[in-house]
There are 2 protein chains.
Amino acid sequence: MGSRDGSGVSTGGQDYAADIDSIREAQARITPHVHRTPVLSSTSIDAVAGKQLFFKCECFQKAGAFKIRGASNSIFALDDEQASKGVVTHSSGNHAAAVALAAKLRGIPAHIVIPKNAPACKVDNVRRYGGNIIWSDVSIESRESVCKRVQEETGAVLVHPFNNKYTISGQGTVSLELLEQVPEIDTIIVPISGGGLISGVALAAKAINPSIRILAAEPKGADDSAQSKAAGKIITLPSTNTIADGLRAFLGDLTWPVVRDLVDDIIVVDDNAIVDAMKMCYEILKVAVEPSGAIGLAAVMSDEFKQSSAWHESSKIGIIVSGGNVDLGVLWESLYKR
Amino acid sequence: MGSRDGSGVSTGGQDYAADIDSIREAQARITPHVHRTPVLSSTSIDAVAGKQLFFKCECFQKAGAFKIRGASNSIFALDDEQASKGVVTHSSGNHAAAVALAAKLRGIPAHIVIPKNAPACKVDNVRRYGGNIIWSDVSIESRESVCKRVQEETGAVLVHPFNNKYTISGQGTVSLELLEQVPEIDTIIVPISGGGLISGVALAAKAINPSIRILAAEPKGADDSAQSKAAGKIITLPSTNTIADGLRAFLGDLTWPVVRDLVDDIIVVDDNAIVDAMKMCYEILKVAVEPSGAIGLAAVMSDEFKQSSAWHESSKIGIIVSGGNVDLGVLWESLYKR
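Please read these numbers as outputs of a predicted model, since none were measured by experiment.

Peer 1: Explain the UniProt feature "domain: Tryptophan synthase beta chain-like PALP" (unreviewed entry) in chain A to me, using residue names and the numbers behind them.
Peer 2: In the numbering used here, UniProt assigns the "domain: Tryptophan synthase beta chain-like PALP" (unreviewed entry) feature to residues 30-323 of chain A. Here residues 30-323 of chain A runs as 48% helix and 16% strand, with 18 Å between its end C-alpha atoms.

Peer 1: Tell me about the side chain of A:Ser136, and name the residues and values.
Peer 2: Within the secondary structure, A:Ser136 is located in strand E5 (residues 132-136). Apart from the residues lying within four places of it in its own chain, the contact partners of A:Ser136 are A:Val113, A:Ile114, A:Pro115, A:Lys116, A:Ser142, A:Arg143 and A:Val146.

Peer 1: Tell me about the environment of A:Glu290, and name the residues and values.
Peer 2: All names here are of chain A. The topology assignment puts glutamate 290 in the loop between helix H12 (271-285) and helix H13 (291-301). When its relative accessible area of 1% is taken as the criterion, glutamate 290 is described as buried. Separated by 33 residues in sequence, glutamate 290 and glycine 323 have C-alpha atoms that sit 5.9 Å apart. A polar side-chain atom of glutamate 290 sits 2.7 Å from a polar atom in the side chain of lysine 122.

Peer 1: Explain the packing of H12(A) against helix H16 (residues 328-336) of chain A to me, and be specific about the residues and the numbers.
Peer 2: All names here are of chain A. Viewed as axis vectors pointing N to C, H12 and H16 meet at an angle of 115°, and their least axial separation amounts to 9 Å. Taken as a pair, H12 and H16 cross one another with a handedness that is left-handed. Facing H12, whose interface residues are Val275, Met278, Lys279, Tyr282 and Glu283, H16 presents Leu331, Ser334, Leu335 and Tyr336. For the contact of H12 with H16, the class distribution of residues is six nonpolar, one polar and two charged.

Peer 1: Outline the relation of the copies chain B and chain A, supporting the account with residue identities and numerical values.
Peer 2: Take chain B, turn it by 180°, move it 0.0 Å along the axis, and it overlays chain A with an RMSD of 0.0 Å. Both copies of the chain, as the preceding transformation shows, are related through a two-fold rotation axis. Using C-alpha coordinates, one finds that chain B approaches the rotation axis most closely at B:Val287, a distance of 2.4 Å. A symmetric contact is evident, with 100% of the interface residues of chain B recurring at the interface of chain A.

Peer 1: Any chance you could break down the pairing of strand E5 (residues 132-136) of chain B for me, citing the residues and the numbers?
Peer 2: All names here are of chain B. Bridge analysis of strand E4 (residues 110-115) against E5 gives five bridges, and the strand direction is parallel. Bridging from a neighbouring strand, histidine 111 pairs with asparagine 132 of E5. Tracing the backbone out of E4, into helix H6 (residues 120-128) and back to the parallel element E5 gives a crossover that is right-handed.

Peer 1: Summarise the interface of chain B and chain A; cite the residues concerned and give the values.
Peer 2: Every contact between the two is made by 28 residues of chain B and, on the other side, 28 residues of chain A. Area buried by chain B at its contact with chain A is led by B:Tyr282, B:Lys286 and B:Leu328, which between them contribute 33% of it. Applying the counting criterion to the chain B and chain A interface returns zero salt bridges. For the pair chain B and chain A, the interface holds eight residue pairs in polar contact (both at pLDDT 80 or more). Secondary-structure elements contributing two or more residues to the side of chain B that touches chain A are helix H2 (43-49), helix H12 (271-285) and helix H16 (328-336) of chain B. Broken down by element, the side of chain B that touches chain A gets its largest block of residues, six residues, from H16(B). Considered class by class, the residues forming the side of chain B that touches chain A number 16 nonpolar, eight polar and four charged.

Peer 1: Requested: an account of the domain arrangement of chain A, with residues and values cited.
Peer 2: Residue and element names in this part refer to chain A. Each assigned domain of chain A is listed with its residue range as follows: domain 1 (7-66 + 164-336) and domain 2 (67-158). Taken over C-alpha atoms, the centre of domain 1 sits 23 Å from the centre of domain 2. With 28 residues of domain 1 at the contact, the number on the domain 2 side is 20 residues. Overall, the association of domain 1 and domain 2 removes approximately 2,000 Å² of surface from exposure, summing both partners, and the carbon and sulfur fraction of that is 53%. Looking only at domain 1, the three residues that lose the most surface to domain 2 are His33, Ala63 and Phe66, adding up to 28% of its buried area. Connecting domain 1 to domain 2 are four salt bridges. A salt bridge links aspartate 245 to lysine 122; the shortest N-O distance between them is 2.5 Å. For the pair domain 1 and domain 2, the interface holds 15 residue pairs in polar contact (both at pLDDT 80 or more). Residue assignment for the side of domain 1 that touches domain 2 shows that the elements contributing at least two residues are helix H1 (20-30) and helix H8 (165-181).

Rules used in this analysis
- Residues numbered from 1 in each chain as written.
- Chains lettered and ligands numbered in written order.
- Predicted model: local features only at pLDDT ≥ 70, side-chain atom pairs only at ≥ 80, totals over all residues.
- Heavy atoms only, no water.
- UniProt positions renumbered as here; feature names shortened; annotations may be inferred.
- Helix = DSSP H or I, 4+ residues; strand = E, 2+ residues; numbered from the N terminus.
- Contact = heavy atoms within 4.5 Å.
- Buried < 20%, exposed > 50% of the residue type's maximum accessible area, 1.4 Å probe, protein only.
- Polar contact = N/O pair within 3.5 Å; in protein donor to acceptor, adjacent residues only side chain to side chain.
- Axes fitted to C-alpha atoms, helices over the stretch in contact; angles between N-to-C directions.
- Left-handed = near helix turned anticlockwise from the far one by under 90°.
- Nonpolar A, V, L, I, M, F, W, Y, C, P; charged D, E, K, R; others polar.
- Least-squares fit on C-alpha atoms with pLDDT ≥ 70 in both.
- Pairing = 2+ DSSP bridges.
- Right-handed = clockwise from strand over helix to strand, strands pointing away.
- Buried area = accessible area lost by both parts, 1.4 Å probe.
- Salt bridge = Lys/Arg side-chain N within 4 Å of Asp/Glu carboxyl O.
- Domains from an automatic or database assignment.

Below is the structure:
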């Protein structure tokens, strides 16, 4: 666990890609376009967890995930000339739908490069919002090269899923909202992948209250962030293997410094724990949560967390339930056929 | 459709089992014990419905349904001597869990008579809250006779699922909340079964704004209320046949006068439409909704509603999503195996 005296969490001495001002600007920019999502709680789950939990339900966000915050901040920040050429991104999932929706709201074209193995419900979302789907192979190289070709052909602006000031600032608004809704929260648990969400959440939360603990939750089959924290530098993996289809990206050069400095610890959980958490979300919270969205609850329930000093020091824990886009059949198969 | 000039909706001239005062008293009594549930909306669903819809999500209520409102109002209204002997009810579902939980909160025993065909997740809920389960046969006669025996043996007070002033007043608090959250609502659609929920909702809403339209949604296989409205007297059915396991009861002598006078119309939908609505709730709203809870959305989407004058006169429609207790396997089977 990182230092708890606050000295290590000042954001004043270091230049990060975003800060509380850019996050407040993002909030003003995107408020007309996004939902203020509710915070749910359950005494039944609290009794099992031994802590008071506050679920920030971004699964109820437009397009079913927090991604619309970063996407709409990026797209509405474009000047009219830039915007007129449209936007492009590559994503297997929630960022794709979010860019399609934000572009639709702005009235500009969105070209979405999607790998062939993307979950059906996430592809449906892109279609629902009128995104122009361009298929690529599964490899990140294929996705990037197709994306680059579209950029060259159309002049569209790339909306990066995480390694971008506007994306990070947009995602940070979830933290502003949560702390308005439940100011007494002392710990926030955030899924980590490319690091856009947790960077925004940490920058906003620590600016408001430097003593707030920020914990990342990461799947064991894609634990590059935990390895990066341990090594003190960005580590990438040759491959990933996890049910959490939204958590397979690696940190970028803009998100890594924030994760390095402001994330107090990373809790690694296996897929079985993620499925248990999805089941609990469905059966008790009555919320459809995708694997990546359930990982925060999985982390709270983990032995690793319960044996940490953070567990003893935490009392009121915010959990970012990042998204709800899960095919019902997949949920059913993973919950009851394992 | 009933008269829309307001003259038919005054609650002043008639003595009903509850009124705005008893409902406000209920709100004061139960607020420490229940959730203030969020209201969700979805532009995707609005686009399909052609109206602005506001989903009052009682599926997120304690014990997964609105029933805790009436049960806790009934149980916390008991004096200490009455309460000390405990409470009893017969219910196949959400009322059972609600009585068990409310009794637990009050610290008194709850005896719950459950028919052998009750959904597993609802029985689990009763167990989770420490209710003393007593099995009965499926018939209403068996349930009532077992319940009566428990009353005689223990002196426990019967908490009726709908035909009771305190139950109706408690359920009415959902309407107070919804109109605080979205004051501009002009129509509320409410599932109807024994009539406790819709009576409370109608009494509160029409007292606050007499021009609010109250529509009931009822399954075709248990359409006793629609038949009762048409006949001008309580009609009961020899049997019922619907997936909506929470909507198989018939009106009582306290709920009938409210339904007769204050419910503007009843929209009858078939099970297929209910399943379509559950699917939409799951896939777009990201909410686990039981069949009885999805029927309001099914009604909004129905041809019957779209061809009515109420459709043309409605603009902002509140939908009471009454509960979320549905076995995932049942949801999966009904959605994708039909």
